[in-house]
Amino acid sequence: MQKINKNVVLALLSLISLVFLLFQLYYYRFYLSHKNGAVFSKVRGIQPGQDSTRWHVVRKFLGLISSHNIPVYLIDPLILGLVDKDIEQIRSSPDGPSPECKYFCAPRDFTTFALLDKTWKHEVGLFRTAEKMGFQWLKIINKDPRLDGMDDLSGTEIPLHYIFKLASHAIHLVVFYERSGNYLWHGPLRLKQHMDRKFVPFRKLHFGRYPGAYEKPELLLVSIDDLKVQIPKNPSGFLEEMSHSRFLECRYREARAFFQLYPDDASLDAVEFRKKAKSLLHLAALTLNNLGVKFWLSSGTCLGWYRQCNVIPHSKDVDLGVFIRDYKADIIPAFQKAGLPLKHKFGKVEDSLELSFQGEDDVKLDIFFFYEEDDHIWNGGTQAKSGKKFKYLFPKFTLCWTEFVELKVHVPCETLQYVEANYGPDWKVPVKTWDWKSSPSNVQYNGVWPVDEWDDVIQIY
Amino acid sequence: MDEWKPNPTIKPHKKRSWYLAWKYKLMNQRALRKLCQTGAVLFLLVTVIVNIKLILDTRRAAYEEEEESAQDYDDEMLNVEVPRHPVSNKKVLDVEVYSSRSKVYVAVDGTTVLEDEAREQGRGIHVIVLNQATGHVMAKRVFDTYSPHEDEAMVLFLNMVARGRILIFTIKDEGSFHLKDTAKNVLKSLGSQVAPFLSWRDMWTFVGKKGGEVYGEKHAKSPALSTWGDPVLLKTEVHLTSVEDAECHWPDTELNHRRKRFCSKVEGYGSVCSCKDPTPIEFNPDPLKDNKVFDVPVAVIAGNRPNYLYRMLRSLLSAQGVNPQMITVFIDGYYEEPMDVVELFGLSGIQHTPISIKNARVSQHYKASLTATFNLFPDAKFAVVLEEDLDISVDFFSFLSQSIHLLEEDESLYCISAWNDQGYEHTAEDPSLLYRVETMPGLGWVLRKSLYKDELEPKWPTPEKLWDWDMWMRMPEQRRGRECIIPDVSRSYHFGIVGLNMNGYFHEAYFKKHKFNTVPNVQLKNVESLRKDAYETEIHRLLGEAEVLDHSKNPCEDSFVPDTEGKVYVMFIRMEQEADFTTWTQLAKCLHIWDLDVRGNHKGLWRLFRKKNHFLVVGVPASPYSSKKPSSVTPIYMEPPAKEEGAAAAVPAVAAAEQT
């Protein structure tokens, strides 16, 4: 009896365990499908792969937009990726009917378009029509960063993103603004408290996690999947640009606090230096951009941007950083051609390279080359008279865009770490005496150049 | 299995021992089995628990996922919920009104909406307009009816207030001396019993509905000329109406939405809020052909003079070739009403936290506005700068469109201005004529971006310097010998009477009689000859054909210039060196033109019109045009009146800052 009982219990328990196992499996599957299929999994279940709903929504949206004369262009990375593969064919036959819905039916949750702010009036009529057509829409507005400068201005908030939802598909319309420095900017997508968090799966949006900076694109009118739409002329170039478009706004509020503590130098000398530094930076940026050399604000110039959103008037030079992998031999002739003669060259491409160019009236342009190691990045310094070498260590960083003296330039995204590595925890306090060999908190003695190499690694003009 | 088979060869006795062994073995195995069973049970239990936990976990994770799906995208600013006042369904407002010699106040439902106990100001009749449905204050005015003409302004204002609004009146100090019968009758028509008999230093409060009932009135007579009436405090109740009754029923359009929002908030703008046939708020003037300034941003600098701003924007939006999208209104301070006006016209407005005081505040506001303009329109090469107290000529943009290329091409130019300092009714004539002048008139002008960004912005006066921005811009360090282009007949009109450096007398003397162009599409005639060198040729040609006036006559007399039309005359005055304006100032004074400082000169030459003749004044010998003087002519010298020595220093300071 006892034995049987035990067996029964055992069997029962096994059964229960099996049930649980099955349940677990089922639940996990459900969870997985929920995660991938997002909101629209139902639709996909009916029409796997090919789905004309998306195409219809896009067509409706384009109709809506063109009825209000609003010029938009396609920036959806998924579609542009597909388009890019067939770009030659699409370019050559702008009107040809397409046999199958290849691009706009591809599975995705959103289709992303861009709109240039200045090309349309903010009219209410658009939304009325959109509602009549069955669209639900969401508008995301925020502060206008162009007014966020040193003076306390508060304008009306500007629209940064629109989302139009119809049936199971949504259109994400990103508003681009032109900013000083001749570039386009789009804002971050931030929901206000009262907004519907589940309007669309916001996390899957391709734009909006961070603000972004772009060059003004050249556009091309094409017909894909029988829809006429503007796309960037060079989709792969746009996608490449998109992958590192993150933009950092200058910390205007902190800069104002800084100037409260340390009033700005308004002397004529300071004004003059700032003017020269600005024009030197513009010239350097033009020259390096023409060569396709990626650079960023380094040392004092970076500190000036980060701390006070301006050139530090007592810094006396302009500092740029360049990864050594981006080094080009043309750099020196290009600068000479631009009217900036080489002042000195320290180190060599393999080690501690540093170039200095003479700008107008004693303002110097320093270009430091950065060497990447596994866990840090460094650049070198050389003392001309002794041949001593120094090494400045930085934690690894990536590059972001920012605006500085009406220029779109790179800065390290992890600016605080970068500045702290260079200037220590007291970087907020202005220091007028600075010794590049001992003041930086990340400097290391790095031996001496062998005497027979001096002619090569220490060149002063 | 083999072991389990009984061995057929085995003996029974052996069999038993095997059985024992087997039994023993079995017993051992049972223990094992028990152990296994317990183990299994335990394992199963654990599985069950783990399973349940897992289910709960996934469930929660899934739930959180949904919850958080947008968390990255949350606005980091915590939107502090503004505690909204519970929508009061109260139909009755308690109103308290106090009138006395030194203090007035008005409280609505316990909230003070007016309190004035400042000495030496706020004299006269204070008027408050309340919305009859919400009880919100829509307008607040004070009319100093002790002084002349203020009662006319009050009548004008009261006539503009829509029917049904609640009006509250209270007198501070004195309000009857220049309160004429017309005004008294208007007050009487509102239901006041006392108004017709208001007299010297009476105290008076009144609450009533326009075109409707009277809620209360109190009055205290002054017992004697030298004393005031006793303070009066009126407490009364006002019954609110429904919102529908308080609003007009305009057709449902986007424009009327704006109108509705505006009209439910503020009062005193007249027909824009009238229910029947309201005045338009969109103008659609004719576009300009080949408009070169369509993409030029327009910055309107404003303070807290919403009625001025309203008038200004109306004229601006009616000018041909205007592009409303390029207009930004910069309001100095967080004032609501100017912003309401901006929104009424569907324009964009920006408020600026006031920095510093007086003139420096204006100057900081200018800087912020200009910087913001070039930030908002990074492509722009120019900006048009306007002020809130200007009327804009119908051909303002046409004038700029025809001349703006000069500012781009001629380095010797500082600005283009719509204002001619010397262009009065009797001294300006030709709307198609332009001049080059060494002074910067402002009052509607075009600024080059490069000038601002490279020169002015970096060294703009800091907030602690109480400078006028325009005086600063006129300083030689900034102007550096460059000139401005101005029209003979101004394209703007300065109507502001109240302002930082402005008062009625000053306006009457220097601005009221200014000529203002009203002709559309004027074709400018000498644009190319305004370039630096061409202008010299032009001047020499003019001087060559000019008739020299009779220098023995008094230049102040009307007969100095013959009664002709369309001729060119020249006179020579004494001007020892470049900065010697003694005679010019006296001449300007007697000609009733701008004499507070020197304006409108070009190398010691002034150009104006007298009796429809072009009239040139050359300063000898400082001007390079002195060579044109016939040797027989002695330059006229006019001595300044001796007693003004002391005052002279103070006057330019007043003049300095008139443009605010």
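On a predicted model such as this, the values are computed, not experimentally measured, just so you know.

What about the overall build of chain B?
Along the backbone of chain B there are 16 helices and 24 strands. Across the 660 residues of chain B, 53% fall into the buried class. A separation of at least 24 residues holds for 72% of the contacts in chain B among residues at least 6 apart in sequence. Only carbon and sulfur atoms are counted for the fraction: they give 55% of the accessible area of chain B, which is about 32,000 Å².

Here we look at the overall build of chain A
Looking only at helices and strands, chain A has 13 helices and 21 strands in total. Compactness check: chain A gives a C-alpha radius of gyration of 29 Å against a globular reference of 23 Å for 461 residues, more than 25% above the reference. Dimensions of chain A, computed from C-alpha atoms along their principal axes, come out at roughly 90 × 80 × 50 Å. A total of 461 residues make up chain A; the buried ones form 52% of that total. Taking as baseline every contact in chain A between residues at least 6 positions apart, the subset at least 24 positions apart corresponds to 70%. Roughly 22,100 Å² of accessible area belongs to chain A as shown, and the carbon and sulfur atoms make up 56% of that amount.

Let's talk about the pairing of strand β24 (residues 613-621) of chain B
Residue and element names in this part refer to chain B. Judged by how many residues are buried, β24 sits mostly within the fold: eight of nine residues are covered. Two strands pair when backbone bridges link them, and strand β21 (residues 568-575) and β24 are joined in this way by eight bridges, in the parallel orientation. By the bridge assignment for β24, Phe572 is matched with Val618. Sheet analysis places strand β23 (residues 605-610) next to β24, joined by six bridges and oriented antiparallel. Opposite Leu605, over in β24, you have Val618 as the bridge partner. Joining the antiparallel neighbours β23 and β24 is a turn of two residues, in which Lys611 adopts a positive phi near 50°.

Observations concerning the packing of helix α8 (residues 358-376) of chain B against helix α10 (residues 449-459) of chain B
Residue and element names in this part refer to chain B. Relative orientation of the contacting elements α8 and α10 amounts to 135°, with a least axis distance of 11 Å. The pairing of α8 with α10 is recorded here as oblique in orientation. The two elements α8 and α10 meet at a crossing, and its hand is left-handed. Contact with α8, carried on its side by Lys367, Leu370, Thr371 and Phe374, involves Lys449, Tyr452, Lys453 and Glu457 of α10 and no other residues of that element. In terms of residue class, the contact of α8 with α10 is built from three nonpolar, one polar and four charged.

Some points on the sheet that holds strand β9 (residues 232-239) of chain B
All names here are of chain B. Spatial ordering of the open sheet is given by β3-β2-β1-β9, a layout of four strands whose pairing is antiparallel. Each edge of the open sheet carries a strand with a single partner, namely β3 (111-116) and β9. Adjacent strand axes in the sheet meet at a mean angle of 10° when their direction is disregarded. The pairing of strand β1 (residues 92-99) with β9 spans eight bridges and is classified as antiparallel.

Topic: the environment of Asp173(B)
Residue and element names in this part refer to chain B. Tracing the sequence through the fold places Asp173 in the loop between β6 (166-172) and α3 (181-189). For the pair Asp173 and Arg101, spaced 72 residues apart in the sequence, the C-alpha separation amounts to 4.0 Å. When near neighbours in sequence (up to four residues on either side) are disregarded, Asp173 contacts Ser100, Arg101, Arg123, Arg201, Met203 and Trp228. Of the polar contacts made by the side chain of Asp173, one reaches the side chain of Trp228; its length is 2.9 Å.

Brief notes about the pattern of salt bridges
Residue and element names in this part refer to chain B. Within the structure shown, the criterion is met by 54 salt bridges over all chains. Here Arg123 ties to Asp144 by a salt bridge, and the two come within 2.9 Å at their closest N and O atoms. Here the residue Arg123 occupies a position in the loop between β3 and β4 (124-130), and Asp144 occupies one in the loop between β5 (137-143) and α2 (150-160), the gap between them amounting to 21 residues. Judged by relative accessible area, Asp144 falls into the buried class, the value being 17%. Taking the shortest distance from any N to any O, the salt bridge between Glu457 and Lys453 comes out at 3.2 Å. On the criterion of helical spacing, the pair formed by Glu457 and Lys453 is a turn pair, its members being four residues apart in helix α10. Look at Glu457 and you get buried, because its relative accessible area is 18%.

Details of the UniProt feature "domain: ILEI/PANDER" (unreviewed entry) in chain B
According to UniProt, the positions carrying the feature "domain: ILEI/PANDER" (unreviewed entry) are residues 123-212 of chain B. Measuring from the first to the last C-alpha atom of residues 123-212 of chain B gives 28 Å, for a span that is 22% helix and 31% strand.

Here we look at the environment of Ile70(A)
Residue and element names in this part refer to chain A. Among the structural elements, Ile70 can be located in the loop between α3 (52-67) and β1 (72-74). Note: C-alpha distance between Ile70 and Leu115 (45 residues apart in sequence) is 7.9 Å. Setting aside chain neighbours within four positions, we find Ile70 in contact with Ile65, Leu115, Trp120 and Leu126.

Focus on the domain arrangement of chain B
Segmenting chain B into domains produces domain 1 (92-245), domain 2 (298-528) and domain 3 (531-628). Relative placement of domain 1 of chain B and domain 3 of chain B: their C-alpha centres are 55 Å apart.

Digging into the pairing of strand β9 (residues 219-224) of chain A
Here is the key point about a regular strand: its side chains alternate between the two faces of the sheet. All names here are of chain A. Here six bridges tie β9 to strand β10 (residues 227-232), and the two strands are oriented antiparallel to one another. Within β10, the residue paired with Val222 across the bridge is Val229. Hairpin remark: β9 followed by β10, antiparallel, with two residues in the connecting loop; positive phi at Asp225, about 50°.

Remarks on the domain arrangement of chain A
Residues and elements named next belong to chain A. Each assigned domain of chain A is listed with its residue range as follows: domain 1 (50-245) and domain 2 (252-460). The gap between the C-alpha centroids of domain 1 and domain 2 is 38 Å. Listed as interface residues are 15 residues of domain 1 and, on the opposing side, eleven residues of domain 2. Counting each side, the surface lost to burial between domain 1 and domain 2 is near 1,100 Å², with a carbon and sulfur contribution of 52%. Linking domain 1 with domain 2 are two salt bridges, by the criterion used here. Across the side of domain 1 that touches domain 2, the residue classes break down as four nonpolar, five polar and six charged.

With respect to the nonpolar core
Membership of the largest hydrophobic core comes to 121 residues, with the highest contact counts inside it found for Val300(B), Leu313(B), Leu316(B) and Trp584(B). Domain assignment of the residues forming this core places at least three in each of domain 2 (298-528) and domain 3 (531-628) of chain B. With residues near it in sequence (within four places) discarded, Leu313(B) still touches Val300(B), Val329(B), Val341(B), Val342(B), Phe345(B) and Leu347(B). Counting 63 residues, the second-largest nonpolar core is a separate cluster that includes Ile312(A), Ile324(A), Leu342(A) and Ala421(A).

Comments concerning the state of the cysteines
On inspection of all chains with the given rule, the structure shows seven disulfides over all chains. The disulfide bridge from Cys263(B) ends at Cys273(B), spanning 1.9 Å between sulfur atoms. Classification of the bridge connecting Cys263(B) and Cys273(B) rests on its S-S torsion, roughly -90°, and on that basis the disulfide is left-handed. Here the residue Cys263(B) occupies a position in helix α5 (residues 254-263), and Cys273(B) occupies one in the loop between α5 and β10 (298-302), the gap between them amounting to ten residues. One disulfide bridge connects Cys415(B) with Cys484(B), the sulfur atoms lying 2.2 Å from each other. Looking down the S-S bond of the Cys415(B) and Cys484(B) bridge, the torsion is 115°, so its handedness is right-handed. With Cys415(B) in strand β15 (residues 413-417) and Cys484(B) in strand β18 (residues 483-487), the pair connects residues that are 69 residues apart, well separated along the chain. The residues Cys415(B) and Cys484(B) share a single accessibility class, namely buried. Among the cysteines of chain B that take part in disulfides, numbered as they appear in the sequence, the pairing is 1-4, 2-3, 5-6, 7-8. When the bonded cysteines of chain A are counted from the start of the sequence, the pairing works out to 1-2, 3-4, 5-6. Of all cysteine sulfurs in the structure, the one in Cys250(A) sits closest to Cys302(A), which takes part in no disulfide; the separation is 10 Å. Residue classification places Cys302(A) among the buried positions, given a relative accessible area of 0%.

Here is what the cut-offs are and how they apply
Residues numbered from 1 in each chain as written. Chains lettered and ligands numbered in written order. Predicted model: local features only at pLDDT ≥ 70, side-chain atom pairs only at ≥ 80, totals over all residues. Heavy atoms only, no water. Helix = DSSP H or I, 4+ residues; strand = E, 2+ residues; numbered from the N terminus. Buried < 20%, exposed > 50% of the residue type's maximum accessible area, 1.4 Å probe, protein only. Contact = heavy atoms within 4.5 Å. Areas by Shrake-Rupley, 256 points an atom, 1.4 Å probe, with all protein chains shown as cover. Rg over C-alpha atoms; globule rule 2.2 N^0.38 Å. Pairing = 2+ DSSP bridges. Axes fitted to C-alpha atoms, helices over the stretch in contact; angles between N-to-C directions. Parallel < 35°, antiparallel > 145°, perpendicular 65-115°, else oblique. Left-handed = near helix turned anticlockwise from the far one by under 90°. Nonpolar A, V, L, I, M, F, W, Y, C, P; charged D, E, K, R; others polar. Polar contact = N/O pair within 3.5 Å; in protein donor to acceptor, adjacent residues only side chain to side chain. Salt bridge = Lys/Arg side-chain N within 4 Å of Asp/Glu carboxyl O. UniProt positions renumbered as here; feature names shortened; annotations may be inferred. Domains from an automatic or database assignment. Buried area = accessible area lost by both parts, 1.4 Å probe. Core = buried A, V, L, I, M, F, W, Y, C linked by side-chain atoms within 4.5 Å. Disulfide = S-S within 2.5 Å.

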